[in-house]
Amino acid sequence: MLKGEDLFKKIIAHAKEYGFIFQSSEIYDGLSAVYDYGQNGCALKNNIKDYWWKSMVQYHENIVGIDSAIFMHPTVWKASGHVDAFNDPLIDNKDSKKRYRADVLIEDHMAKLEEKIGKEVEKAAKRFGDSFDEKMFRETNPRVLANQEKIDAIRTRFVAALDKNDLKDIKTLIEELEITCPISGSRNWTDVRQFNLMFSTQMGSLSEDANLIYLRPETAQGIFVNYLNVQKTGRMKIPFGIAQIGKAFRNEIVARQFVFRMREFEQMEMQFFVRPGEEKQWYDFWKEERMKWHKSLGIPGELFRFHDHDKLAHYANAAADIEFMFPFGYKELEGIHSRTDFDLAAHQKFSGKKLQYFDPETNESYVPYVVETSIGLDRTFLAVLSHAYKEETLEDGSQRVVLNLPPMLAPVKAAVLPLMKKDGLPEKARELMDKLKYDLMCRYEEKDAIGRRYRRQDAIGTPYCLTIDHQTLEDNTVTIRERDTMKQERIHMDNVKQVVLERISYRKG
Ligand code: ATP
């Protein structure tokens, strides 16, 4: 089975070859960490958005959706803390001239130690067989304990340094851990500096500081500043949520790993407004709900895990990530944050406008607390695509690449294929297209042998191929071929729409 780097390379190549993702401005050699979605990618992305939107806005009576502008008043970002604190610590290697996130270098080092522990455990599990007690082994094995102690010590020091913004100590820690640059292999590091991730630009024709505005680095603030507008006009009662899907921009220091870390990306966020004091219970609720959502995409549960944050962002009193096993390891896919009243209280202070909610049940006014779920659309796309990508050897020895996408997410739901380009088969196939196209995203294809057309549809994850042959002309039946099993059955043309719609329904997952 393909894994790791090899799998990742194949996925990137496949995404390009089949019109899912192109490098932005490719004819000019691309723009770093910016990507375009092609015809199939755009459709898959829209389907993921649609599913998320429905899961939030349609399936919950107390959640509504909005679409706020990318540009916002610059004071929004002062109030939110982004102007002062939306930084990453960066460090350069003087020999390779490569730039790194200092925190990531340290986290990678800790991950290597974790890996060593994992290997010890694996070895012991093999040695002891059924009688292996992993918990006991982890608590008593000297090598495991020594590595665990190292990890704990690094984490404590690292978190303290980040908390105090002690950049000198972060550098000292990198030196003490003897972390080398993966490119040059040297330990010749610059000092650590803070780097603000927001892109800025000028609004209007004057280039004065007063006109400096930012491209939003998260969609959440558009929700915060509108929360009372929505609450009042929608007559919403706490607890309620506001959802939004939209572009966000971050000048990432190291932008690698394809659409995992981009400088322009899309977020799907939901801010849930609750009574102060009830945030913990809602935080737990949304953690579970969101995990269920991920599993509902047909991806096995063991590929996801929670990661509770050691160091909380300036606005949070609890935070966890849902991580996914990407081809390059477990990485953050979604964040669930209990943001307290940090944002609303700050906007109240900076704007001088009251942002309180009057609670008719308790007869009190207060600034609500917020629990947010914040997921990257592009990362979800990558998770779905990397799980779906399969290379298979068939019974006759031939190979196929197939995307086992959940049918509801597939870019094309059904391909309409006349067996031959003659004898009236194309006309009959067009008849079927006309019956389906208003309700289903279909593609018509008549070029090449039927086998090759099936392969092309497999490669973009089309769940059903409908073939029109000579028998169709006699009895109006067509064959319907299922992507994963490749099984075919004959059904009447009049039933095709109903059958496909039922099989691709959200309820089927
Ligand atoms: P990371 O630690 O990976 O930089 P983050 O913790 O800064 O991510 P959040 O601010 O919590 O991310 O943003 C919410 C979600 O937005 C993330 O879980 C991720 O899916 C997505 N996201 C954040 N930054 C990027 C990016 N540069 N490219 C693509 N998606 C991103």
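Residues numbered from 1 in each chain as written. Predicted model: local features only at pLDDT ≥ 70, side-chain atom pairs only at ≥ 80, totals over all residues. Heavy atoms only, no water.

**Student:** Residues and numbers for the sheet that holds strand β19 (residues 414-418), please.
**Tutor:** Pairing in this open sheet of five strands is mixed, and the strands run β20-β19-β21-β22-β23 from one edge to the other. Edge positions in the sheet fall to β20 (442-444) and β23 (488-492), since each of these pairs with one other strand and no more. Ignoring strand direction, the axes of neighbouring strands in this sheet form an average angle of 25°. (Pairing = 2+ DSSP bridges. Helix = DSSP H or I, 4+ residues; strand = E, 2+ residues; numbered from the N terminus. Axes fitted to C-alpha atoms, helices over the stretch in contact; angles between N-to-C directions.)

**Student:** Talk me through the sheet that holds strand β12 (residues 318-326); I want residue IDs and the actual numbers.
**Tutor:** On the basis of which strands lie adjacent, the open sheet formed by seven strands has the order β3-β9-β10-β16-β13-β12-β11 and mixed pairing. The open sheet has two edge strands, β3 (63-66) and β11 (304-308), and neither has a second partner. Here the average twist between neighbouring strands, direction ignored, is 25°. As judged from the eight bridges shared by strand β10 (residues 264-274) and strand β16 (residues 369-376), these two strands associate in the antiparallel manner. Directly across from M270, in β16, lies its bridge partner T373. Packing against the sheet, helix α2 (residues 39-58) makes contact with β3, β9 (240-249), β10 and β16, and its axis sits at approximately 160° to β9. (Contact = heavy atoms within 4.5 Å.)

**Student:** Tell me about the domain arrangement of the chain, residues and numbers included.
**Tutor:** For the chain, the domain assignment lists domain 1 (41-72 + 213-393), domain 2 (87-196) and domain 3 (397-508). A C-alpha centroid distance of 51 Å is found between domain 2 and domain 3. (Domains from an automatic or database assignment.)

**Student:** Can you break down helix α7 (residues 142-163) residue by residue, with the values?
**Tutor:** Each α-helix turn comprises 3.6 residues. Residues three or four places apart therefore point the same way. With 22 residues, α7 extends 31 Å from end C-alpha to end C-alpha; this agrees with the ideal 32 Å at 1.5 Å per step. Burial in α7 covers these residues: V144, N147, I151, I154, F158, V159 and A161. Down the axis of α7, the sector holding all buried residues measures 155°, keeping them to one side. For α7, exposure combined with an orientation more than 90 degrees from the buried face picks out P142, E149, T156 and D163. For α7, the secondary structure elements touched by its buried residues are α5 (102-128), α6 (134-140) and α8 (167-176). Put simply, N141 is the residue that caps the front of α7, since its side-chain oxygen is 2.9 Å from the backbone nitrogen of R143. In the segment just after α7, N165 is the residue with positive phi, at about 55°. (Expected span 1.5 Å × (residues − 1). Buried < 20%, exposed > 50% of the residue type's maximum accessible area, 1.4 Å probe, protein only. Arc of directions from axis to C-beta. Polar contact = N/O pair within 3.5 Å; in protein donor to acceptor, adjacent residues only side chain to side chain.)

**Student:** Which residues make up the site of the ligand, and what values do they have?
**Tutor:** The immediate surroundings of the ligand are formed by 16 residues, with E252, R261, M262, E332 and L333 found nearest. M262 places a main-chain nitrogen or oxygen 2.8 Å from a nitrogen atom of the ligand. G376 places a polar main-chain atom, nitrogen or oxygen, 3.0 Å from an oxygen atom of the ligand. Contact with the protein chains hides 86% of the accessible area of the ligand, taken as 590 Å² for the molecule alone. (Near = heavy atom within 4 Å. Areas by Shrake-Rupley, 256 points an atom, 1.4 Å probe, with all protein chains shown as cover.)

**Student:** Can you explain the packing of aromatic side chains? Please cite residues and give values.
**Tutor:** Each aromatic ring pair is described using two quantities: the centre-to-centre distance and the angle formed by the ring planes. Under the defined criterion, the tally for this structure stands at 22 aromatic pairs. Aromatic side chains Y35 and F258 sit 5.2 Å apart centroid to centroid with 80° between the ring planes, which places their arrangement in the edge-to-face category. Taken together, the residues Y35 in strand β2 (residues 35-37) and F258 in the loop between β9 and β10 connect sequence positions 223 residues apart. Under the relative-accessibility criterion, F258 is labelled buried at 7%. Ring-pair connections join several aromatic residues into one group, and the members of that group are F8, Y35, F258, F260, F304, F324, F326 and F328. The lysine or arginine in question, R430, covers the ring of Y444, its NZ or CZ lying 3.6 Å from the ring centre. (Phe/Tyr/Trp six-rings, centres within 6.5 Å; stacked < 30°, edge-to-face > 60°. Lys NZ or Arg CZ within 6 Å of the ring centre and 35° of its normal.)

**Student:** Just give me the short version of the packing of α7 against α8, but keep the residues and values in it.
**Tutor:** Closest axis-to-axis distance for the α7/α8 pair is 9 Å, and the angle between their directions is 155°. Comparing the axis directions of α7 and α8 gives the class roughly antiparallel. The segment α7 lies against α8, with I154, R157, F158, A161 and L162 engaging D169, I170, T172, L173 and E176. Taken together, the residues that form the contact of α7 with α8 break down as six nonpolar, one polar and three charged. (Parallel < 35°, antiparallel > 145°, perpendicular 65-115°, else oblique. Nonpolar A, V, L, I, M, F, W, Y, C, P; charged D, E, K, R; others polar.)

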